[in-house]
Amino acid sequence: MKSRNTYHLSIIFVLWLAVHIVLFLKFGVRYFYDAVDYIRDADLLIVHGVTDGFDRFFYLVPIGAMAIFRSLFHDSILPFIVFQCVLSGLGVLSLYASASTLFKSDLAGLFSSVIFLLWLDNLHWNVTPMTESMFCTFVLFLIYVLVHFKGRTSDYLLAASLSVLLLFTRPTGILIFLGTVSFFLAFHRRMLSQNRTTAFLVFGVLLLLGYAGATFVLEQMDITAQYRSGNIITYMDVLEGTGLYDERLRVDTSGLEFAPDDKPVMYKIFFYVIHNPGTFVRTAILKTWYLMSGSRPYYSTAHNIYAIAWAFAVYLLCYTACRGSDCLSIKIFSLVTVTATCLLIAVSALDWDNRFYIPMEPVVVLYAGGGAAILYNRFIAKRYR
């Protein structure tokens, strides 16, 4: 068994190294628009001890890490990128251990790790000075804690600490926080079922937390401005007249009703949904489809076919694993995380490059690896029957 684990870990290490070499050779360090802002905030943190704007406080962990590495290595961003890649590698090892334990199969750990490393649409964030890579890695660490959760004080402290850490890595950490709370509820489901008053109070608090969290995230994203612009993809309106513009990613706002700007964000969302139900449902379906498929109208046909085929295969494996797994707590955590992410996108706006998929990617690859192991074992059993 030990030699088999060593063999699997060797495969994972070689693949991790090869994929990152390819990413560096092809892209180098990728400086997207947001990356420039994060680097500037890191420099402000070094010089003045503050970032540019209150909202940056909720990206403090990656910005702080950038600041540390830039202060140690003469304003270079490359050491931070290397650190981010190594940290992601440790996340893959935790994924291997999580899947192996959850599905009682080392093959599940291997398949989950390979799927994660080959999903380049998500992995390429490792060579970008942004927040997605660290966020994804911290979710992998949290999953490891939850899969091995025994109800000890140290388990609660680790899970709570990672959940809070995620809140200060990206605002969408609230999605993982809700998933973690749901995990705790599922873990203690027998106790709650015996005390309905306690269960009622707990679920009431959860709903309030969910509402507060959704309000916070949606305020940060300023999604009602996207409603007024008719955007399905964020900021599509500013590209009108350019080669990147696609009218299919906007809706005609003439005849639509909007709440006054001075109203709270949740009021404006409910107002929009109630007064424009047809438009809301149609755009919500489109946004959820683009999120889950990884496709976009402005991508090449070949890329869209690949993205959809890959996503279909991964979800099929997830379905297989869900049927074969008996750990309800992890299922609840995964379901809440995926559902909350989809609902957030459905009521807001979608990003250009599917970075909003990152919160749910770790649970998807966790179950995809389990499904792959189940199908592989079935194939071997039939072959040698």
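On a predicted model such as this, the values are computed, not experimentally measured, just so you know.

Calculation criteria
Residues numbered from 1 in each chain as written. Predicted model: local features only at pLDDT ≥ 70, side-chain atom pairs only at ≥ 80, totals over all residues. Heavy atoms only, no water. Helix = DSSP H or I, 4+ residues; strand = E, 2+ residues; numbered from the N terminus. Rg over C-alpha atoms; globule rule 2.2 N^0.38 Å. Buried < 20%, exposed > 50% of the residue type's maximum accessible area, 1.4 Å probe, protein only. Areas by Shrake-Rupley, 256 points an atom, 1.4 Å probe, with all protein chains shown as cover. Lys, Arg positive; Asp, Glu negative; His and termini not counted. Charge placed at Lys NZ, Arg CZ, Asp CG, Glu CD. Expected span 1.5 Å × (residues − 1). Axes fitted to C-alpha atoms, helices over the stretch in contact; angles between N-to-C directions. Parallel < 35°, antiparallel > 145°, perpendicular 65-115°, else oblique. Left-handed = near helix turned anticlockwise from the far one by under 90°. Contact = heavy atoms within 4.5 Å. Nonpolar A, V, L, I, M, F, W, Y, C, P; charged D, E, K, R; others polar. Salt bridge = Lys/Arg side-chain N within 4 Å of Asp/Glu carboxyl O. 1 Å grid on protein atoms, 1.4 Å probe; cavity = no way out; pocket = protein on both sides within 12 Å on 5 of 7 lines; lining within 4 Å. Points joined across faces, edges and corners; volume = space filled by probe spheres on them. Polar contact = N/O pair within 3.5 Å; in protein donor to acceptor, adjacent residues only side chain to side chain. Phe/Tyr/Trp six-rings, centres within 6.5 Å; stacked < 30°, edge-to-face > 60°. Lys NZ or Arg CZ within 6 Å of the ring centre and 35° of its normal.

**Student:** For the overall build of the protein chain, give the residues involved together with the corresponding values.
**Tutor:** A count of helices and strands for the protein chain gives 17 helices and zero strands. The C-alpha atoms of the protein chain give a radius of gyration of 22 Å, which matches the 21 Å a tight globule of 385 residues would have. With the C-alpha coordinates of the protein chain rotated into their principal frame, the extents come out at 65 × 60 × 45 Å. When each of the 385 residues of the protein chain is scored for burial, the buried share is 50%. Counting only carbon and sulfur atoms, one obtains 67% of the accessible surface of the protein chain, whose full area is about 18,700 Å². Measuring between centres, the 29 positive side-chain charges of the protein chain sit 16 Å from its 25 negative side-chain charges.

**Student:** Go over helix α7 (residues 132-147) with me, naming the residues and quoting the values.
**Tutor:** Look at α7: 23 Å from first C-alpha to last across 16 residues, which is about the 22 Å you get at 1.5 Å a residue. Here α7 lies mainly inside the structure; 14 of its 16 residues are buried.

**Student:** Describe the packing of helix α16 (residues 328-347) against helix α17 (residues 361-383), naming the residues involved and giving the relevant values.
**Tutor:** At a minimum axis separation of 9 Å, α16 and α17 run at an interaxial angle of 135°. Regarding the angle of α16 to α17, the classification is oblique. Judged by the sense of rotation from one axis to the other, the crossing of α16 with α17 is left-handed. Contacts from Ile-330, Lys-331, Phe-333, Ser-334 and Val-338 of α16 reach α17 at Val-363, Leu-366 and Tyr-367. Class assignment of the residues belonging to the contact of α16 with α17 gives a composition of six nonpolar, one polar and one charged.

**Student:** How would you summarise the pattern of salt bridges if you had to cite specific residues and measurements?
**Tutor:** Pairing between side chains of opposite charge can happen when the charged atoms of each approach one another. Inspection of every chain in the model, using the stated rule, returns ten salt bridges. Notably, a salt bridge pairs Glu-240 with Arg-250, separated by 3.0 Å at the nearest N-O pair. In this pair, Glu-240 is assigned in the loop between α12 (223-229) and α13 (265-275) and Arg-250 in the loop between α12 and α13, connecting sequence segments ten residues apart. Taken together, the shared-partner salt bridges in this structure form one network comprising Asp-34, Asp-353 and Arg-355.

**Student:** For unusual backbone geometry, give the residues involved together with the corresponding values.
**Tutor:** With a phi close to 65°, Asp-75 is a non-glycine residue in the positive phi region. Residue position: Asp-75 is located in the loop between α3 (60-72) and α4 (78-102). By relative accessible area, which is 49% here, Asp-75 ends up partly exposed. Non-glycine residue Tyr-235 carries a positive phi angle of around 60°. Tracing the backbone through its elements, the reader meets Tyr-235 in the loop between α12 and α13.

**Student:** Quick one: what's the story with empty space enclosed by the protein, residue by residue and with numbers?
**Tutor:** Counted according to the given criterion, the structure contains three cavities of 30 Å³ or more. Of the pockets and cavities examined, the largest cavity occupies roughly 80 Å³. For the lining of the largest cavity, the secondary-structure elements that each account for two or more residues are α12 and α14 (277-293). Here the element with the most residues in the lining of the largest cavity is α14; it accounts for three residues. There is about 70 Å³ of room inside the second largest cavity. Lining of the second largest cavity is provided by 13 residues; of these, Phe-116, Asn-122, Leu-123, Asn-126 and Cys-136 occupy positions nearest its centre. Elements supplying a minimum of two residues to the lining of the second largest cavity: α6 (120-123) and α7. The element contributing the most residues to the lining of the second largest cavity is α7, with four residues.

**Student:** Tell me about the packing of helix α15 (residues 301-324) against α17, and please be specific about residues and values.
**Tutor:** Remark: α15 packs on α17, axes separated minimally by 7 Å, with the N-to-C direction vectors making an angle of 75°. Considering their axes alone, α15 and α17 lie roughly perpendicular with respect to each other. Where α15 approaches α17, its residues Val-314, Tyr-315, Leu-317, Cys-318, Thr-320, Ala-321, Cys-322 and Gly-324 are matched on the opposing element by Val-364, Tyr-367, Ala-368, Gly-370, Gly-371, Ala-372, Ile-374, Leu-375 and Arg-378. Residue composition of the contact of α15 with α17, by class: twelve nonpolar, four polar and one charged.

**Student:** Any chance you could break down the environment of Asp-246 for me, citing the residues and the numbers?
**Tutor:** Within the fold, Asp-246 resides in the loop between α12 and α13. Separated by 55 residues in the primary sequence, Asp-246 and Met-191 have C-alpha atoms spaced 53 Å apart. Among all residues touching Asp-246, those that are not within four sequence positions of it are Met-236 and Pro-297. Of the polar contacts made by the side chain of Asp-246, one reaches the side chain of Arg-248; its length is 2.7 Å.

**Student:** Tell me about the packing of aromatic side chains, and name the residues and values.
**Tutor:** Within this structure, the stated rule accounts for 25 aromatic pairs. Ring geometry for Phe-69 versus Phe-73: centroids 6.2 Å apart, planes at 15°, classification stacked. Here Phe-69 falls in the buried class, since its relative accessible area comes to 17%. With a relative accessible area of 40%, Phe-73 lands in the partly exposed category. Here the aromatic rings of Phe-149 and Tyr-156 are separated by 4.9 Å at their centres, their planes lie at 85°, and the arrangement is edge-to-face. By the ring-pair criterion, three or more aromatic residues cluster together here, those being Phe-149, Tyr-156, Phe-183, Phe-184 and Phe-187. One Lys or Arg, Arg-30, reaches over the ring of Phe-27 and ends 3.8 Å from the middle of that ring. Just above the ring of Tyr-267 sits the side chain of Lys-263; from NZ or CZ to the centre is 5.3 Å.

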